[in-house]
Structures are given as C-alpha cells and as structure tokens.
Amino acid sequence: MQGISTLLRQLSAAWRDTPRSAFAAGLLCLAMAVAALCAALFAPAPLKAESTAASLRAHMGVASCAGSTCHGRSVPSGTPVRQDEIARWQEDSSPAGAHSRAWRVVEGPRGREIARHLGLDAAGVQRECAGCHASPAAATGRGRLSDGVDCEACHGPAGGWLSTHYAVGASHRRNVAQGMTDLVNPATRASVCLDCHLSGDGRGQFIAHRIMAAGHPRISFELDLFSTLQMHHDEDADYVQRKGGRTNSMRMWAVGQAQAVTRSLELFSQPAKASNGIFPEFTFYDCHSCHRRIIDGEDAHVTAVPNPGRPIAQGMPPFNDENMIMLLAAARVVAPDLAGEFDARAKAFHRAMGVGRAETVSAAQALRQSAQALSTRMAGAEFGRERTFAIMDAIASDAISDRFTDYEGSVQSVMAIDTLLNGMVNSGMVSTGAASGLRVQINQAYAAVKEPNSYRPIAFRQALGGAIRSIRSLR
C-alpha cells in the first residue's frame, strides 16, 4: 500500500511539469500495481489438487444438457448440432432410446425374475446391475438410476468441460483435454462400449455365467452396428470440421473386433474372473458347445461340427472365438504380415486349454498382444472399396467359413457383412439402390441365426454364401 501512495504523490507532482507521454506511462504503472493488489486481496484460496481433480470428474446429470438452447429441443432445428439429442435418447419406440430404458428393464418383469433367481434384494440389484444399466455415477450415488445409461456414461463426467464445450473457440481437442471422452477414436469408443456390452472391470460390469443362467440375455456386440443404432447426431459438414472427418464404418468395425478380442483375453487372464468355485467361468466359452440337444436313443448322432480353428479335444468347451474369427478375416486383407502370427497364436491358445491354467494364460497374453497390434494397424489403415469387398470375401472364404460351427460366430459374421456393406453405402462406394437389391439375401442370412435353438451350421453357411455371391456382383 505504501508503494502505491508514493506513486500517487509522484504522479500528482509530475502532472504540472512532465510531458503527457511520460505521465501516461506512470499512470499505466499505477493501474498495474492496483490490479496486482486486487488480485492478491480478493483471489479465492487455491484449490487443493484433489478438489480440482474431483470437480473435473463431477457428474452433472442429464438435466445439465437438457436446455432448449443445448440438447433439449423437441425437433432437430439447431445448429451446429441437432439439439434434439435428449429426445432421441429418450425415444421409446426406437433402438436409439435403449440406453435411457436400461434401468426400466431391470425394474421390469424380466429384471425382477432375474433378481429373484439370483436371490438379490434392492441393494443387491443396484450392486449387480447399476454398473451397466445406469450411469457409472449412479452406482456410487452421484447419478440417478432412473436415467439409465445417461449422457455422461458415454461422453464422460462433464464437470471439466460442460461450461466450455459450447463456448466460442471451443474445439473437440480442447473438450477431450478437459475430460470429455474421445468417442471419435475407435479404440476409445470400443473400450467404453465393451465395459457393458461384453464385460468390464467396474463394479457390476462383469456379466458372469450365473447371471445369464438366471435369465439375462446372451451378450452379443458389434461396435459400428450398435453405434449406428445409438447415433444422435448428423455427420454433416460442421461435424467434419469439428471432428476431423466422417466416421469410417469399416475401420470402426475392424478396430471393434480387435478390441473385443483384447478385452475378453484380458478378463480371462484375471484369476478372480476365471473361475467360479471349482468351475471355470463359463461366460468366456461358446454357449452352444454345451447347450446342445441330448439324444440317448439308437438314432443318436454327434451334432458338433469339427472346427479347424479350435485344435481341442472333442467334448471340451471351447473359448468363444466369434471376434477372433472376424479379426482374422480383416487381418488377412489389411495386415497379412500379422495375420499368420495371430492365427497361430489363436490356435495355440485353444490348444493350451487342454494343458493347464498357467499355459492358457501365457497363450492368452501372447494372443492379446497380437490383437492389440492389429487394433493399432486397423486404426491407421485405409478401408476403401476394394479392401472392404476383400474382407467380406475373406469372411466367407473356405479358410474362414468352416470355422462357423457355432451360433455366436455366425451371428457376428452376419452383422459384419451388414455393417461393411452399409459402410460402403454411407461412404458413396456403393449406391443405395444396388445395396437395397441385396437386402433379401442378407435377411436370409439373418433368418438363419434368428433362433439359437434351431441353428444349423450347414444351412447357415449356405445362406451366408448366397449373400456373399450377390455382394460380389457389385464389384
């Protein structure tokens, strides 16, 4: 304070006999001194690092996004985003609203029946189910269970970026730096989705066999197809400018397959998740290898079909390799230099199942490394017209199709063909009219895997072959 008083007296005396430019310089010094003093006197106490980190991770809730000038309009009339994203998220008659309905499913008849079979009380239901059927914040009391899988479950806690992501000069890169989840990145998006659509490490996110035995649906997921069903935005010119380009559906599919393989092997390698009492954790294994009809009469015959990708003894439950089959098909085209090693390590992993736990975990780690290398390669690869056609050919080729011996892999292959074809249409590589003409054959392949209990491998291969032959005609 004394320094400022002295400066004021000096300026008063100088006013009479000092050039105005010099006086102005002194006045500027005074202003800077006052500003510094005010900053020191009135600045809030510095936050502790822990408090700052907690505020950045704060869950803000759906209401924080629902303003009419934000994402809460009833019609898509906004710019640069639609601004009806909340309405689409809440849509009851569409797959786009599945996330908002997630907790209602738990509270519905089937959810209550599953809880009864598992012997869960209300606290148990929240412990076992909220990790996937609600926002992660709801499991810890910071979010609302009734909101289901809300905005921040996918986009990340908004405490660090909510107030700035719509500001002038905001960018996707800055939003990500402030805590927004980078769902544009295929590997990041896959990681978020797989937490619930396959299994994760979070509380209530591991979908054990006992939960499916109690009535939970079998888990099946394909990254790009499910992303399309949940898409609440338009990939217009503004999107391209903000996000750096449109989504390449074929790349998203390939990276999703690689990340699914990586995730399943990662979870399988954890001792706490690998077994349930004296039994192995059957959620990792192919359902239909055990859930087959049993016939004891004279007309009994073996219904299992040999699978060259699984060098294991007859009667052993095989690891669910649906994503491995798809990833190998993509690798043969996109990364042939890595495909051979991945194929060999996949077979070694299956073979190790008949040896012991230590050998199997070691093989799983090697296979996981190969899958991660393929994920990195796929993320940086171009997926053009010819390459995508080649991947579809690889899925249906003799080297791959004879691995479609069980229901899970067959479902995954149909979703793959559908995704890849739609990706080419969206990218302008195939006309909408030409693709529409192939819908009959693709629907026949879907029909072959509509009902798990009536699945027949040979009939499915024929349906898939018909679809692929028609698709080849587009080339």
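Above this text you will find the structure in question.
A brief structural summary. Only a predicted model underlies this, so the values are computations on that prediction, with no experimental measurement involved. (Residues numbered from 1 in each chain as written. Predicted model: local features only at pLDDT ≥ 70, side-chain atom pairs only at ≥ 80, totals over all residues. Heavy atoms only, no water.)

Let us look at the overall build of the protein. The helix and strand tally for the protein stands at 24 helices and two strands. Burial statistics for the protein: of 475 residues in total, 42% are counted as buried. For the protein, the share of sequence-separated contacts (at least 6 apart) that also reach a separation of at least 24 residues comes to 69%. (Helix = DSSP H or I, 4+ residues; strand = E, 2+ residues; numbered from the N terminus. Buried < 20%, exposed > 50% of the residue type's maximum accessible area, 1.4 Å probe, protein only. Contact = heavy atoms within 4.5 Å.)

To continue, consider the layout of surface pockets. A volume near 480 Å³ is recorded for the second largest pocket. In terms of residue class, the lining of the second largest pocket is built from twelve nonpolar, seven polar and four charged. (1 Å grid on protein atoms, 1.4 Å probe; cavity = no way out; pocket = protein on both sides within 12 Å on 5 of 7 lines; lining within 4 Å. Points joined across faces, edges and corners; volume = space filled by probe spheres on them. Nonpolar A, V, L, I, M, F, W, Y, C, P; charged D, E, K, R; others polar.)

Once that is clear, we can look at empty space enclosed by the protein. If you walk through the whole model with that rule in mind, you get two cavities of 30 Å³ or more. The computed volume of the largest cavity comes to approximately 340 Å³. Looking at the largest cavity, it is lined by 25 residues, and the ones nearest its centre are Leu198, Ile219, Thr283, Asn320 and Glu322. Where the lining of the largest cavity is concerned, the elements lending two or more residues are helix 10 (186-197), helix 14 (249-268), helix 16 (322-334) and helix 21 (407-426). Taken together, the residues that form the lining of the largest cavity break down as 14 nonpolar, eight polar and three charged. Taken as a whole, the second largest cavity spans an internal volume of roughly 30 Å³. Lining the second largest cavity, in full, are Leu194, Phe221, Glu222, Leu223, Trp253, Gly256, Gln257, Ala260 and Asn323. For the lining of the second largest cavity, the element with the highest residue contribution is helix 14, accounting for four residues. Class assignment of the residues belonging to the lining of the second largest cavity gives a composition of five nonpolar, three polar and one charged.

Further remarks concern helix 6 (residues 109-118). Buried within helix 6 we find Gly111, Ile114 and Ala115. Projected onto a plane normal to the axis of helix 6, the buried residues spread over an arc of 100 degrees and lie on a single side. Residues of helix 6 that are exposed and angled more than 90 degrees away from the buried face: Pro109, Arg110, Arg112 and Arg116. Those residues of helix 6 hidden inside the fold are in contact with helix 5 (102-107), helix 7 (122-133) and helix 11 (209-213). (Arc of directions from axis to C-beta.)

Most peptide bonds take the trans form, and the phi angle of most residues other than glycine is negative. With omega at 0 degrees, the peptide bond leading from Thr79 into Pro80 counts as cis. Inspection of the secondary structure puts Pro80 in the loop between helix 3 (49-56) and helix 4 (85-89). In this model, Gln83 sits at a positive phi of 75 degrees, which is unusual for a non-glycine residue. Assignment of secondary structure puts Gln83 in the loop between helix 3 and helix 4.

To continue, consider the pattern of salt bridges. In this structure the tally under the stated criterion is 21 salt bridges. Notably, a salt bridge pairs Arg332 with Asp343, separated by 3.9 Å at the nearest N-O pair. Taken together, the residues span a long stretch of sequence, with Arg332 in helix 16 and Asp343 in helix 17 (residues 336-352) at a distance of eleven residues. In this structure Arg332 comes out as partly exposed when scored by relative accessible area, which is 36%. The salt bridge involving Arg345 is made with Glu341; its shortest N-O contact spans 3.5 Å. Separated by four residues within a single helix, Arg345 and Glu341 lie in helix 17, roughly one turn from each other. For Arg345, a relative accessible area of 24% corresponds to the partly exposed category. Here the salt bridges do not stand alone but share partners, grouping Asp286, Arg310, Asp321, Arg403 and Asp406 into one network. (Salt bridge = Lys/Arg side-chain N within 4 Å of Asp/Glu carboxyl O.)

The way to describe two aromatic rings as a pair is by their centre distance and the angle between their planes. If you walk through the whole model with that rule in mind, you get 13 aromatic pairs. Between Phe284 and Phe319, the ring centres sit 6.1 Å apart and the planes meet at 15 degrees, which makes this aromatic pair stacked. Here Phe284, found in the loop between strand 2 (279-280) and helix 16, pairs with Phe319, found in the loop between strand 2 and helix 16; they are 35 residues apart in sequence, far enough to count as distant. Phe319 gets classed as buried once you look at its relative accessible area, which sits at 1%. With a centroid separation of 5.9 Å and an interplanar angle of 85 degrees, the aromatic rings of Phe404 and Phe460 are classed as edge-to-face. Of this pair, Phe404 sits in the loop between helix 20 (398-401) and helix 21 while Phe460 is found in helix 24 (residues 457-472), placing the two residues 56 residues apart along the sequence. Phe460 matches Phe404 in its accessibility class, with the two residues each being buried. Each residue in the set Phe206, Phe268, Phe279, Phe282, Phe284, Tyr285, Phe319 and Phe349 is aromatic and connected to the rest through ring pairs, giving one cluster. If you follow Lys273 out to its NZ or CZ, it ends over the ring of Phe206, 5.8 Å from the centre. Here the basic side chain of Arg357 rests over the ring of Phe268, its NZ or CZ set 5.0 Å away from the ring centre. (Phe/Tyr/Trp six-rings, centres within 6.5 Å; stacked < 30°, edge-to-face > 60°. Lys NZ or Arg CZ within 6 Å of the ring centre and 35° of its normal.)

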